[in-house]
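# Structural overview for review
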Amino acid sequence: MHRRDFNLAALASLLAAQGLALGTAQAQSLGTLKMMIPANPGGGWDQTGRNLAAAMQSAKVISGAQFENKGGAGGTLGLSQFINNAKGDGSALMMGGMVMVGGIMLSKSTVDLTMVTPIARLTSEYVVIVVPASSPHKNLADLMNAFKANPGSVSWGGGSAGGTDHILVGLAAQAIGADTSKINYVPFKGGGEAIAAIIGGHVTAGVSGLGEFAEQIKGGRMRALAVSSPEPIEGIPSMKEQGVDVVLGNWRGCFGGPEISSAQREALVSAVKAATETPAWKQTLEKFGWTPWFLGGDEYKKFLDEDIKRVGGILDSLGLIKKS
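Here is a short report on the structure shown in this document. Just so it is clear, the structure is predicted and the values come from calculations on it, not from any experiment.

## Topic: unusual backbone geometry
- Not every positive phi belongs to a glycine, and K60 is a case in point at roughly 65 degrees.
- Inspection of the secondary structure puts K60 in the loop between α2 (44–58) and β2 (64–69).
- In this structure, E234 is a non-glycine residue whose phi angle is positive, near 50 degrees.
- Note that E234 resides in the loop between β8 (222–227) and β9 (249–256).
- Note on E234: relative accessible area 60%, which makes it exposed.

Next comes the structure, spelled out in structure tokens:
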């Protein structure tokens, strides 16, 4: 081959390689992400979904994001809509977690998590018990004494019925010997509603992930009495060290649409994994006090199957699942 022909061939090969590389990069981008958040604005799923999408943009695995909030019934209203709208869509994600597992059981929903595609578990977060700053309950012992003496007189504001917040109240009642059948639990569709009710004194106490109440606690509008971790967090004593033997963490994760292909699933798992490795996501974890707990694909599905059994057992022991 003449030198000129060799150079032309080399150039053609180089251009072909660059084209292939460009095509690969384009294939790795999901384009515009459609994010379903099955809760009203302001809560943990909303915070997680929006920050995950921002981290995905930072990782350049999506070009943008569209968000839809659909709260109610422990996330099952949003789940139902997602199942109907995201079939076979490789650029759609839905937030979910332990709260939805319980919500499905309590509402006897006609849709469940077997109808969507597990993509990745993202975080774990401990739950905090708070009261409004004006509350007469100065510590956990005050609140628990009132709760044990007359369970119905203490109203608890938190997320969806059957979710992590509700389960924590039930476990606390069991731990102190209060009547679990008389628990007065007030579920809210979003964190914003719960915060307003707690600060306004419309409920006795509030229960949620520490990240959701962090600003209110720091601003002095709420008093944190205890956290459901084994050890104190940010100066908040644990329930366990105050004589209430309960430790509970709330996990959150994301799901793809029904009937997506294996290639679409793997692309979503890879995109979410890349997002969790960005500085933007690590800053989010620190800001909200979330523990990174990534698990992708098949391993996440196995965890999910086990957690459904675990949560069902807890709800049954608390008498929250009504026998038909």
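Structure shown, so let's carry the discussion forward.
## Describing the pattern of salt bridges
- For the structure shown, the criterion picks out 11 salt bridges.
- In this structure, D89 engages K34 in a salt bridge whose closest nitrogen and oxygen atoms are separated by 3.2 Å. On the criterion of sequence distance, the pair formed by D89 in the loop between α3 (76–85) and β3 (92–97) and K34 in strand β1 (residues 32–37) is long-range, its members being 55 residues apart.
- Accessibility expressed as a relative area gives 18% for D89, which makes it buried.
- Measuring nitrogen to oxygen at the nearest pair gives 3.7 Å for the salt bridge that ties E259 to K87. Residue E259 is located in the loop between β9 and α9 (262–276), and its partner K87 is located in the loop between α3 and β3; the two are separated by 172 residues in the primary sequence. Each member of the pair, E259 together with K87, is exposed.
- Salt bridges sharing common partners tie together E125, E212 and R252.

## Some thoughts on the packing of aromatic side chains
- Applying the stated rule across the entire model yields seven aromatic pairs.
- With centroids separated by 5.1 Å and ring planes inclined at 70 degrees, the aromatic side chains of F147 and W156 adopt a geometry described as edge-to-face.
- Accessibility expressed as a relative area gives 0% for F147, which makes it buried.
- The exposure class assigned to W156 is buried, which follows from its relative accessible area of 1%.
- On the numbers, 5.6 Å between centres and 45 degrees between planes, the contact of F255 with Y300 is tilted. Here F255 is found in strand β9, whereas its partner Y300 is found in helix α11 (residues 297–317), with 45 residues between them in sequence. Like Y300, F255 is buried.
- Linked through ring pairs, W251, F255, W293, Y300 and F303 together constitute an aromatic cluster.
- Its end group placed over the ring of F67, R50 keeps NZ or CZ at 4.6 Å from the ring centre.

Definitions and cut-offs
- Residues numbered from 1 in each chain as written.
- Predicted model: local features only at pLDDT ≥ 70, side-chain atom pairs only at ≥ 80, totals over all residues.
- Heavy atoms only, no water.
- Helix = DSSP H or I, 4+ residues; strand = E, 2+ residues; numbered from the N terminus.
- Buried < 20%, exposed > 50% of the residue type's maximum accessible area, 1.4 Å probe, protein only.
- Salt bridge = Lys/Arg side-chain N within 4 Å of Asp/Glu carboxyl O.
- Phe/Tyr/Trp six-rings, centres within 6.5 Å; stacked < 30°, edge-to-face > 60°.
- Lys NZ or Arg CZ within 6 Å of the ring centre and 35° of its normal.

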